[in-house]
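Below are the chains, spelled out letter by letter.
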Amino acid sequence: GGVPPAVDLVLGATAGCLACVLTNPLEVVKTRLQLQGELQPPGTYPRPYRGVLRAAGAVCRADGLRGLQKGLAAGLLYQGLMNGVRFYCYSLAEDAGWTRYPGGTVAAGAVAGAVGAFVGSPAYLVKTHLQAQTLSAMVVGHQHNHENISSAFKSIYQQHGVAGLWRGVTGAVPRVAVGSAAQLATFTSAKDWVCEHQWFREGSWAAVLAGGMVSGVAVAVTMTPFDVISTRLYNQPVDADGTGKLYRGFMDCILQIASKEGLLGLYKGIGAVYLRLGPHTVLSLFFWDELRKM
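None of the values given here were measured: they were computed from a predicted structure.

Chemist: Explain the pattern of salt bridges here, please?
Modeler: Note on pairing: side chains with opposite charge can pair once their charged atoms come close. Going through the model one piece at a time under the given rule, you end up with 10 salt bridges. With a closest N to O distance of 3.1 Å, K30 and D227 form a salt bridge. Pair noted here: K30 is in helix α1 (residues 5-35) and D227 is in helix α7 (residues 205-235), with a separation of 197 residues, a long-range link. One network of salt bridges, with partners in common, ties together E27, K30, K127, R175, D227 and R276.

Written out as C-alpha cells, the structure is:
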C-alpha cells in the first residue's frame, strides 16, 4: 500500500496491541489448559479447567473477572514487539521483491515471524508466568509468584541475567514461524473459498472473519504442539544457573510430553488456540488496514 517499512512497524505493533486487548482472556485460558496435568498420565490428575467456557468460568471464580486479563501488560508488550518487527520485516521483503517468487510469501512470513518471536520472547516469558499464577486450589504448572510485570523482569534479570530473559526462545521461534507460514498459506485461499460458496459477500468483513476461522483450523493443528512446548519451556522452574528442572530443551520437551501424556498432550488447549486465531487474525488485519488508510 505504499507505506514505508518503518511506518508498518508502528502500525503493525498498534494493530497487534488492539487485537490483544480483546483476545487476551483466551490466552489466559489456553495457558492454564496447556499446563494442566504437566508430565502426568491422562486421568491421574485433578482437572480444575475443562474446556474453554468452563475454564473461563473457573478463572473468574478463582481470580475474579480481572483474572481473564492477567498478563495483559506483558501481552501488549509482546504483541507490540513481535508484530511490529514481523510487519517491518515482511514489508522489507515486499520492497525487495522476495514475495513475488514462488513460495516467497510463505517464506517471508515464516522468517518475519521468527525474527519477531525472538525479539518479543522476554515479554512472552513474563506473560506466561503471570497468566499461570492463581490461587493454590486452582494451581496448574509452576508458580513464579511475580507481583507485576516490572517485578517479573527485575526478578528474572537479577537471578539469571540477560540470557534468562530469553529462556524458552527455542520453542517460541518455531511456534511463530510455523503459525505465520501456515496462516499466510491458507488465509487468502480460505477467504476466497468462503466467498465462492456464497456464504458471505466478497470484500465484507464477515467473509474475512469466516475465512480466518476456516484458516484457523489448519493453523491450530500445525501450531498447537509448538504452542504447548513454548508454554512449558517458558513456565518451567529453573536451577540457579538457569537450567530447566523439567525439560532440557525443545526436543526433550516433545519427547517427555509424548511419552508421559501421550500425543494428545501436545494438543492441550487447542480449542482456545483455535477460537483465538480467527478473531485475532481478523482484528489485527482490520486495525492494521484502517491505520494504513489513515
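Chemist: Can you walk me through α7 in this structure?
Modeler: Side chains that are three or four residues apart share a direction in an α-helix, a result of its 3.6 residues per turn. Compared with the 45 Å implied by 1.5 Å per residue over 31 residues, the 37 Å span of α7 between its first and last C-alpha is markedly short. The sharpest bend along α7 measures roughly 45 degrees and falls at M223, with the proline P225 sitting one to four residues further on. The element α7 is extensively covered by neighbouring structure, given that 22 of its 31 residues are classed as buried.

Chemist: Any chance you could explain the packing of helix α6 (residues 169-196) against α7 here in plain terms?
Modeler: How two helices sit against one another is set out by the angle between their axes and by the gap between those axes. Where α6 meets α7, the closest approach of the two axes is 6 Å, and the angle between their N-to-C directions is 170 degrees. Of the possible angle classes, the one that applies to α6 and α7 is roughly antiparallel. For the contact of α6 with α7, a count of residues per class yields 19 nonpolar, 10 polar and 3 charged.

Chemist: Before we go on, may I ask you to explain the side chain of R232 in this structure?
Modeler: As for its placement among the helices and strands, R232 is situated in helix α7. A polar contact is formed between the side chain of R232 and the side chain of E261, at a distance of 2.8 Å. In contact with R232, not counting residues within four places along its chain, are Q34, L35, Q36, E38, L39, Y247, C253, I257, E261 and K268.

Chemist: Teacher, can you tell me more about the state of the cysteines here?
Modeler: Disulfide: a covalent bond connecting the sulfur atoms of a pair of cysteines. A complete count under the given rule lists 0 disulfides for this structure. Of the cysteine sulfurs around C60, a residue in no disulfide, the closest is that of C20, at 17 Å. With no disulfide partner, C89 has as its closest neighbouring cysteine sulfur the one in C17, 17 Å distant.

Reading the values: rules and limits
- Residues numbered from 1 in each chain as written.
- Predicted model: local features only at pLDDT ≥ 70, side-chain atom pairs only at ≥ 80, totals over all residues.
- Heavy atoms only, no water.
- Salt bridge = Lys/Arg side-chain N within 4 Å of Asp/Glu carboxyl O.
- Helix = DSSP H or I, 4+ residues; strand = E, 2+ residues; numbered from the N terminus.
- Expected span 1.5 Å × (residues − 1).
- Bend = angle between axes of the 7 residues up to and from the residue.
- Buried < 20%, exposed > 50% of the residue type's maximum accessible area, 1.4 Å probe, protein only.
- Axes fitted to C-alpha atoms, helices over the stretch in contact; angles between N-to-C directions.
- Parallel < 35°, antiparallel > 145°, perpendicular 65-115°, else oblique.
- Nonpolar A, V, L, I, M, F, W, Y, C, P; charged D, E, K, R; others polar.
- Polar contact = N/O pair within 3.5 Å; in protein donor to acceptor, adjacent residues only side chain to side chain.
- Contact = heavy atoms within 4.5 Å.
- Disulfide = S-S within 2.5 Å.

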